[in-house]
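# Working through the structure, step by step
Spelled out, the chains give:
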Amino acid sequence: MAVFEQQGCLLHYEEHGQGEPLVLLHGLGSSSQDWELQVPELSRHYRVILMDIRGHGQSSKPRTGYQIKTFSEDLLALLRHLDSGPVHFVGLSMGGMVGFQFAVDHPDWLRSLCIVNSAPEVKRRTRSDWIWWLKRWGLARLLSVETVGKGLAERLFPKPGQAELRRKMAERWARNDKRAYLKSFDAIVDWGVQERIGQIHCPTLVIAADHDYTPIQLKERYVALMPNARLAVIDDSRHATPLDQPEVFNRTVLQFLAAASTSQGSLSPC
């Protein structure tokens, strides 16, 4: 197990394969383990770097430091530690939020950006926004992590043929540290960098599942704010696209990365 210390927090990371560096960053309540269907394929072409966000997986669960910006700075410290140079980045959900933060704060460290089922802000503006937050906030605090994990697995993998995936993911998500999970959830709410994403100039792909929590129209609106971005919709998928549609997801990402590398030639800042 490889660990890196960042301001007193031990961060677990892994490296697989060789080539241009490619970071895969997980979502809330997840870990680098949940990229298991991507690593064998992507590491055939790239130096894949995985990191467990603080409070998740095998990383430390400190009492402080649960902000999207802090997660972004943790990633930067790791990349400096690894002497990776600029990286391709793929982030799912909360990992995508970290990607947006990283892109606007550290553009020179990105070769390309891939955002999966995520957004550049989570703001409570409308009555429905507040209802959503209150419901999620209350359930997260009242229910055990085992109950939350089981409910999430049933929602994300509802098909009869997904029974084993449903069981496995419910079991994994039940291992979350509740305090760290709640602090990370709170880090998402009212975070945002949407007013800055027009500064992101590197090749950018936004992947949207057709049955994600947020509508495709929302992704279309923020994709239009970025000068070098496009949207790819993956059918018959929910929020955990890398797990429920791994073949299509891997192919979509690899095609994007190949095009991004070719178009850049000599590397230019994001």
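In this text, all values refer to a predicted model and were calculated from it rather than measured experimentally.

## Thoughts on the overall build of the protein
What the protein contains, in helices and strands, is 10 helices and eight strands. For 270 residues, the compact-globule estimate of 2.2 N^0.38 gives 18 Å, and the protein sits close to it at 17 Å. For the C-alpha atoms alone, the extent of the protein along its principal axes is close to 50 × 40 × 40 Å. Classification of the 270 residues of the protein by burial places 54% in the buried group. For the protein, contacts bridging at least 24 residues in sequence account for 76% of all contacts bridging at least 6. Element-wise, carbon and sulfur atoms account for 52% of the exposed surface of the protein, whose accessible area totals about 12000 Å².

## Some details on the UniProt feature "domain: AB hydrolase-1" (unreviewed entry) in the protein
Per the UniProt annotation, the sites labelled "domain: AB hydrolase-1" (unreviewed entry) are residues 21–244. For residues 21–244, the helix share is 42%, the strand share is 16%, and the end-to-end C-alpha distance is 25 Å.

## Quick notes on helix H2 (residues 68–82)
With 15 residues, H2 extends 21 Å between its outermost C-alpha atoms, agreeing within 8% with the 21 Å of an ideal straight helix rising 1.5 Å per residue. Across the 15 residues of H2, 11 count as buried, placing the element largely inside the fold. Every buried residue of H2 is accounted for by Ile68, Thr70, Phe71, Ser72, Asp74, Leu75, Leu76, Ala77, Leu78, Leu79 and Leu82. Downstream of H2 by a residue or two, Asp83 has a phi angle that is positive, lying close to 50°.

## Overview of unusual backbone geometry
With glycine set apart, most residues show a phi of negative sign, and most peptide bonds adopt trans. Phi is positive for Ser93, which is not a glycine, with a value near 55°. Residue position: Ser93 is located in the loop between strand E5 (87–92) and helix H3 (94–105). The exposure class assigned to Ser93 is buried, which follows from its relative accessible area of 14%.

## Looking at the packing of aromatic side chains
For the structure shown, the criterion picks out five aromatic pairs. Where Tyr66 meets Phe71, the ring centres are 6.5 Å apart and the plane angle is 85°; that geometry is what we call edge-to-face. By relative accessible area, which is 6% here, Tyr66 ends up buried. Ring centres of Phe100 and Tyr222 lie 5.6 Å apart, and the angle between their planes is 85°; on these two criteria the pair is classed as edge-to-face. With Phe100 in helix H3 and Tyr222 in helix H8 (residues 216–223), the pair connects residues that are 122 residues apart, well separated along the chain. Each member of the pair, Phe100 as well as Tyr222, is classed as buried. Taking the ring centre of Trp130 as reference, the NZ or CZ of Arg124 above it sits at 4.2 Å. Between the NZ or CZ atom of Arg124 and the centre of the ring of Trp133, over which it lies, the distance is 4.4 Å.

## Considerations on the sheet that holds strand E3 (residues 21–25)
Reading across from one edge, E1-E2-E4-E3-E5-E6-E7-E8 is the order of the eight strands in this open sheet, with mixed pairing throughout. Every interior strand has two partners, whereas the edge strands, strand E1 (2–6) and strand E8 (229–234), have only one. Within this sheet the neighbouring strands show an average axis-to-axis angle of 25°, counted without direction. Relative to strand E4 (residues 47–51), E3 runs parallel, the two sharing five bridges. In the strand pairing of E4, Leu25 is matched with Met51. Across the sheet, H2 touches E1, strand E2 (9–16), E3, E4 and E5, and the angle it forms with E4 is around 135°. Strands in contact with H3 are E3, E5 and strand E6 (110–116); relative to E5, the strand with the most contacts, it is inclined by about 140°.

## A short note on a nonpolar patch on the surface
A grouping of Met1, Val3 and Leu10 is seen on the molecular surface, where their side chains present a nonpolar patch of about 300 Å² in accessible area. Here Leu10 falls in the partly exposed class, since its relative accessible area comes to 40%.

## Focus on the nonpolar core
The tendency in soluble globular proteins is for nonpolar side chains to be buried as a group. In terms of nonpolar packing, the biggest core is built from 51 residues, with Ile68, Leu79, Phe100, Leu110, Leu113, Ile200 and Tyr222 touching the most fellow members. By residue number, the principal contributor to this core is H2, which donates eight residues. With sequence-adjacent residues up to four places away left out, Leu79 is seen in contact with Val23, Ile49, Ser84, Val87, Phe102 and Trp109. Among the nonpolar cores identified, the runner-up in size contains 21 residues, and Leu42, Val48, Leu92 and Val116 belong to it.

## Topic: the pattern of salt bridges
Summed over all chains, the structure comprises 17 salt bridges. Here Glu15 ties to Arg47 by a salt bridge, and the two come within 2.7 Å at their closest N and O atoms. Separated by 32 residues along the polypeptide, Glu15 in strand E2 and Arg47 in strand E4 bring together distant segments of the chain. In this structure Glu15 comes out as partly exposed when scored by relative accessible area, which is 36%.

Reading guide: rules and limits
Residues numbered from 1 in each chain as written. Predicted model: local features only at pLDDT ≥ 70, side-chain atom pairs only at ≥ 80, totals over all residues. Heavy atoms only, no water. Helix = DSSP H or I, 4+ residues; strand = E, 2+ residues; numbered from the N terminus. Rg over C-alpha atoms; globule rule 2.2 N^0.38 Å. Buried < 20%, exposed > 50% of the residue type's maximum accessible area, 1.4 Å probe, protein only. Contact = heavy atoms within 4.5 Å. Areas by Shrake-Rupley, 256 points an atom, 1.4 Å probe, with all protein chains shown as cover. UniProt positions renumbered as here; feature names shortened; annotations may be inferred. Expected span 1.5 Å × (residues − 1). Phe/Tyr/Trp six-rings, centres within 6.5 Å; stacked < 30°, edge-to-face > 60°. Lys NZ or Arg CZ within 6 Å of the ring centre and 35° of its normal. Pairing = 2+ DSSP bridges. Axes fitted to C-alpha atoms, helices over the stretch in contact; angles between N-to-C directions. Patch = residues over 30% accessible without salt bridge, like charges linked within 9 Å, V, L, I, M, F, W, Y side chains within 5 Å. Salt bridge = Lys/Arg side-chain N within 4 Å of Asp/Glu carboxyl O. Core = buried A, V, L, I, M, F, W, Y, C linked by side-chain atoms within 4.5 Å.

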